[in-house]
Every structure is written in structure tokens, then in C-alpha cells.
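Structure assessment
Listed here are the chains, written in short residue letters.
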Amino acid sequence: MSGHDGSTITSPATSHQVNGPAPSLPAYGIVLLVFVVMAARLFRLTYRYAVNIFFWDQWGFSNAALFQKHSLWQMFRWQYGPHRLGLGPLVSTLIEPHFRWNSRSESFIACGIIVLAAACALCLKKRLFGEIRAWDVAIPILYLSASQYESIFITSNLAHGPLPLLLLTLYCLAWTMSDVVNKYAIVLALNFVIIYTGFGVFLGFLTPLLLIADYRVNCKPKHGLYFALALLIAGASLASFFYGYTLQPAVNCFSLKLQQPVLYLWYASLMFANFWIKGTGIFPRLIGCAVMVGLLWTLASAGANLFKSATRAWVRCAVPATLAGYSLLFSLNTAIGRLCLGLGSAQSSRYMAYLALGLFGVYLHLLSIPVPNVRRAALGVSLVALLATVPIRAQDRGLMRFFSELKRSWRNCYLAGGSIPACDAVAGYKIDQEPEHILQQKLDYLKEMKLNMYADTK
């Protein structure tokens, strides 16, 4: 088929040199089975552990759409900690009133968004490389990992985890379009929304680089106006994020004074090691460093080819480089912002969606290895490693149970007439970090409007 500049684009279905033998129904069946099983497990965990009560940060970021009155634009630009909420409160405003801001419903919505993102990731792989292969079970394993449980049913926040995962996948899909005008329009729209949603802001630094590479390799001089306009919009989108932005590190110990560089490396490596192993010792660090080497290799190798390969080959480099680069930027920024909490904080569940994007980028780059035997060996080793991430660790299961019982105890105590301090004592943990009088006002509002934990009581 023909590209926007008249050049020939190889159809994905004919890319047998990358994907191996002709597709078979068993391959589709295997991938579908793994997808369904992994998705069903996420929903089952959500059903079992989600509790209808706001918890911790939810009391704070819900000011944007529930406890305070704001315009849609104010909600979109609402800053909570180091990031803005973007699309999160808009989706909540559209959907949550139908469920009376039920926290369990929000957890199921988050779960559904993640499943949709996984389906889009499979579509992205198919669009880049042709048919679905048995190797592609790696995609649902990564996207539907139970390790991201905190973003789903502990402190569910659509803007922090689920929506960035979906939006970044759609962003990569948009780059596979051949028509310049439509491609740039969708890429720029998604880029703007992603910059404002959770920690998607790091994509704003990558989009101008992708536009430059795309124009130099794929576009004709007649597209110069589109390119210049797109580059201007991309720059303005990123700049707009910082208009009115204030530094809110969200941890009291944060300092702009940098520590030893190796500590940031260890922190970032432990973030990636969390897919496989808990702990801060040398073994988890080595595992994490090995993963980071893979990300750096993907970024360097695919990035170098951005100015060499045209059309379909170009986007096969652009997508892995984007995902790997984004994930590395996120992990290093997190290391800078959270190192003061100790290395153990690196293995927080809420980071996993952003890290999974980077590993997905590595997987896509492995599919581009030109030597069949090397490609199959690399994919085989990677798949075995990913299969090891499927079982839920006892420590993670324990945290799921702990926070679920904590929230349920606090909720039952308060609905039975207990006070905030008394219910904190019963649960053994605070339900919110805000001053007691602010939390009391919010609880009174929920009771008056029959929302959240009052929506399912008689």
C-alpha cells in the first residue's frame, strides 16, 4: 500500500521475516486464553479486596471533582502533588455520579481501563508486526500484572496508572497512521492530554524529538508547514503544563540537594526488579540493572535507527524507543523525588504501570532483531522471565488483605457511630492524612449527599 508521500509501506501481514511462520489459530487461542485469565484475575482481586470508602490520597485529589466545585478546565489542570490530574477527574465526573462515587465501582472502572489498554497493546503489536503470535502472551502478562494492585483497589486514582497506561498505548498506535495530517492531529491531541494526566508529562519531552525524526525520514518538503505547526503545538503543550505549576514533592524529606549518583541507579533498578523480587539487597539490584540495560539498549538501538529507516520500519523503531525512553525518564525522576524515603519505597505498586510500558517497548524491539535464531532465543528468555512474574507474591497478597481489612474496619466503625480518632484506633491506621476537621467536613458531606460509603447503607 502507499504511504502519504507516495512511498511503499510494507503490509504488516507480509512481515514474515520478522514474525516467523504463518499465523495459526492455536497462537491466537493461546494469547486469548492468557488475556482472559489475567483479566479475570484482576477483576476477581478487585471484587475481593476493593472497599467502598475513600482512602488516603483519594480524600485529597477528590477535591477536584467532588468536594469542591470547579470548571472542567480547572479539573483538568488540577495539581495534586508533583503531577496534574488531567483526564482523571473528567472521567470521574462523567461516570462516578451514576455510581454515587462508590469506591468499589471506581476500582472496577480502573480495572476496565487497564484491560482496554492491554487490548490496544495487542492491536499495536499486530499493526507493527503483522499477525498475533504465541510470543505475544508477553503483552497481557505485562499489562494485566497483579503487581499494580495499589492503583486499582487500594488507593485507586484513574489519573495515576490506569489512564496513562491506556493513553500512552493509544499514542503509540497513532504513530502507525500513514496520513500526515491525521497522524499529527491525533498524536498532538493525545500528547496534550497525556502531559497533563498523572506522570505522562515526561512524554512531552519526547514528542518533539519524534516529530523531528518523522519529518526528516518520512515527510516530503511539502509537509514542512504541518511539521512546523506540529512542533510548535508540541512545545506549547509542554510549556502550558508548567504555567502556574508549583513544586509539590509530596514528601517532607525531599531536597534539591542531590545524593550519590549510584543511589539513584539502585533506586531505579529496584523499581524494575519489583516485577520479579522484593527486597533492596544486591540480587534485586542486579536484576533491576539487567532490565535497565535492556531498556537502554532498546532506546539506543531503536533511537539510532529513527533517522535511518523509513515508513513501516521507522515506526517499528519509534514506538519501542518512545516506550523505553518514557519509562526510563519516569524511573529516574521517581528516584530523585523519592530516594529520601529509602530504597524500600522504590518497590511501590503504583509505579508498575509506567514500568510495564518500558518492558513492552523492549519486547517490541526484540521482535525487530533481524537474525531469526537470535530473535527466537531472546524472545524465549524474555518470555520465561515474564512468566515468573505471573504468580502473586505472598507479600503482595498480604498487603492487599491488610489494606482491605483496614478500610473495612474503619468504615464499619464509623458507620456504627464511632469518631475519627476512635476508628483510626480500631483500624490501627489513619484513613486520611488531612487534618481531622477537614476530613470531618468531607465525611459529613458524603453523609448528607448519600455518597460513597453512605450510598449502600439504609
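For the structure, check the block above.
1. Considerations on the packing of aromatic side chains
In total, this model carries 38 aromatic pairs according to the counting rule given. Ring centres of tryptophan 73 and tyrosine 196 lie 6.3 Å apart, and the angle between their planes is 50 degrees; this geometry places the pair in the tilted category. Residue tryptophan 73 is found in helix 5 (residues 72–76), and its partner tyrosine 196 is found in helix 11 (residues 180–196); the two are separated by 123 residues along the sequence. Relative to tyrosine 196, the ring of phenylalanine 192 lies with its centre 5.1 Å away and its plane at 50 degrees, an arrangement referred to as tilted. Of this pair, phenylalanine 192 and tyrosine 196 are both found in helix 11, 4 residues apart, which corresponds to roughly one turn of the helix. By relative accessible area, phenylalanine 192 is classed as partly exposed at 24%.

2. Considerations on the side chain of histidine 83
Structurally, the position occupied by histidine 83 is in strand 2 (residues 83–84). Once residues within four sequence positions are removed from consideration, histidine 83 is found in contact with Trp78, Asn157, His160, Gly198, Phe199 and Tyr245.

3. A word on the pattern of salt bridges
All told, the structure shown has 7 salt bridges when counted by the stated rule. Measuring nitrogen to oxygen at the nearest pair gives 3.1 Å for the salt bridge that ties aspartate 214 to lysine 183. Residue aspartate 214 is located in helix 12 (residues 203–218), and its partner lysine 183 is located in helix 11; the two are separated by 31 residues in the primary sequence. Overall, aspartate 214 belongs to the buried group, its relative accessible area being 0%. The class of lysine 183 is buried, set by a relative accessible area of 3%. Taking the shortest distance from any N to any O, the salt bridge between lysine 278 and aspartate 396 comes out at 3.7 Å. Taken as a pair, lysine 278 in the loop between helix 14 (261–273) and helix 15 (282–304) and aspartate 396 in helix 19 (residues 394–415) lie far apart in primary sequence, 118 residues in all.

4. Things to note about the nonpolar core
Side chains of a nonpolar character, in soluble globular proteins, are inclined to be buried together. In terms of nonpolar packing, the biggest core is built from 144 residues, with Tyr143, Leu144, Phe360 and Leu364 touching the most fellow members. For this core, the leading source of residues is helix 7 (residues 103–129), giving 14 residues. The residues contacting tyrosine 143, other than those within four sequence positions of it, are Ile114, Ala117, Ala118, Ala121, Gln148, Leu165, Thr169, Leu357 and Phe360. Core analysis: the next-biggest nonpolar cluster, separate from the first, contains 6 residues, Phe61, Trp78, Tyr80 and Leu85 among them.

Parameters and conventions
In every chain, residue numbers begin from 1 and rise along the written sequence. Given that the model is predicted, a residue must reach a pLDDT of at least 70 before its local features are reported, and side-chain atom pairs must reach 80 or more before they are shown or counted; all residues, however, enter totals for whole chains, interfaces and linings. With hydrogens and water stripped out, all remaining heavy atoms of the structure feed into the side-chain values. What counts as a ring pair is set by centres within 6.5 Å for rings of Phe, Tyr and Trp (its six-membered ring), and what kind of pair is set by the plane angle: stacked under 30 degrees, edge-to-face over 60, tilted for all other angles. Secondary structure counts use DSSP, requiring at least four H or I residues in a row for a helix and at least two E residues in a row for a strand, with both numbered from the N terminus. When a residue's accessible area, from a 1.4 Å probe over protein chains only, is under 20% of the maximum for its type it is buried; when over 50% it is exposed; and in between it is partly exposed. Pairs of residues are marked as contacts when any of their non-hydrogen atoms sit within 4.5 Å. The term salt bridge refers to a side-chain nitrogen of Lys or Arg lying within 4 Å of a carboxyl oxygen of Asp or Glu. Nonpolar cores are built from buried Ala, Val, Leu, Ile, Met, Phe, Trp, Tyr and Cys residues. Side-chain atoms within 4.5 Å join them into one set.

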